[in-house]
Amino acid sequence: MTLPEGNFTSGARLYRTRCALCHTIEPGGGHKSGPNLHGLFGKRAGSSPGYTATQAVIDKNVIWTEETLDTFLENPKVYIPGTKMVFAGFKKPQLRADIITFLKEASK
């Protein structure tokens, strides 16, 4: 699946309004109800030091890439049944592309 081209500014707005309540993204930032997302790409789900992930997330054994994150963000509870993430997902591919573009840049 090819993602549409993402928009960083739109992704930043989405992060602030939909993600920041539960996640931080700055280097060395603490965890909230969800893990810090800094360095997300290339990382195994459920492997953030100091964050207790559900066994379902650990057992999924997924490495976060644009593609896996796109699938997860469409419907987290379908992609990883048993996740404690309460967010219902971004149904529109463009919104997922925008948030992924933001996360890739902001989590370097």
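Relevant structure appears above.
Given the structure is predicted, the values throughout are model-derived calculations rather than measurements. (Residues numbered from 1 in each chain as written. Predicted model: local features only at pLDDT ≥ 70, side-chain atom pairs only at ≥ 80, totals over all residues. Heavy atoms only, no water.)

Q: Please give an account of the packing of helix H1 (residues 8-19) against helix H5 (residues 93-106) that cites residues and values.
A: With their axes 7 Å apart at the nearest point, H1 and H5 run at an angle of 90° to one another. For the element pair H1 / H5, the angle class is roughly perpendicular. Side by side, H1 and H5 meet where Phe-8, Ser-10, Gly-11, Ala-12, Leu-14, Tyr-15 and Cys-19 of the first sit next to Leu-95, Asp-98, Ile-99, Thr-101, Phe-102, Leu-103 and Glu-105 of the second. Classifying every residue of the contact of H1 with H5 gives nine nonpolar, three polar and two charged. (Axes fitted to C-alpha atoms, helices over the stretch in contact; angles between N-to-C directions. Helix = DSSP H or I, 4+ residues; strand = E, 2+ residues; numbered from the N terminus. Parallel < 35°, antiparallel > 145°, perpendicular 65-115°, else oblique. Contact = heavy atoms within 4.5 Å. Nonpolar A, V, L, I, M, F, W, Y, C, P; charged D, E, K, R; others polar.)

Q: So what's going on with the pattern of salt bridges? Residues and values would help.
A: By the definition in use, this model includes three salt bridges. Across the salt bridge formed by Lys-104 and Glu-66, the nearest N and O atoms sit 2.4 Å from each other. A residue pair is termed long-range when its members are at least 10 positions apart, and Lys-104 in helix H5 and Glu-66 in helix H3 (residues 66-74) qualify at 38 residues. A relative accessible area of 35% places Lys-104 in the partly exposed class. Residue classification places Glu-66 among the partly exposed positions, given a relative accessible area of 28%. Between Lys-108 and Glu-105 there is a salt bridge, with the nearest N and O atoms lying 3.2 Å from each other. (Salt bridge = Lys/Arg side-chain N within 4 Å of Asp/Glu carboxyl O. Buried < 20%, exposed > 50% of the residue type's maximum accessible area, 1.4 Å probe, protein only.)

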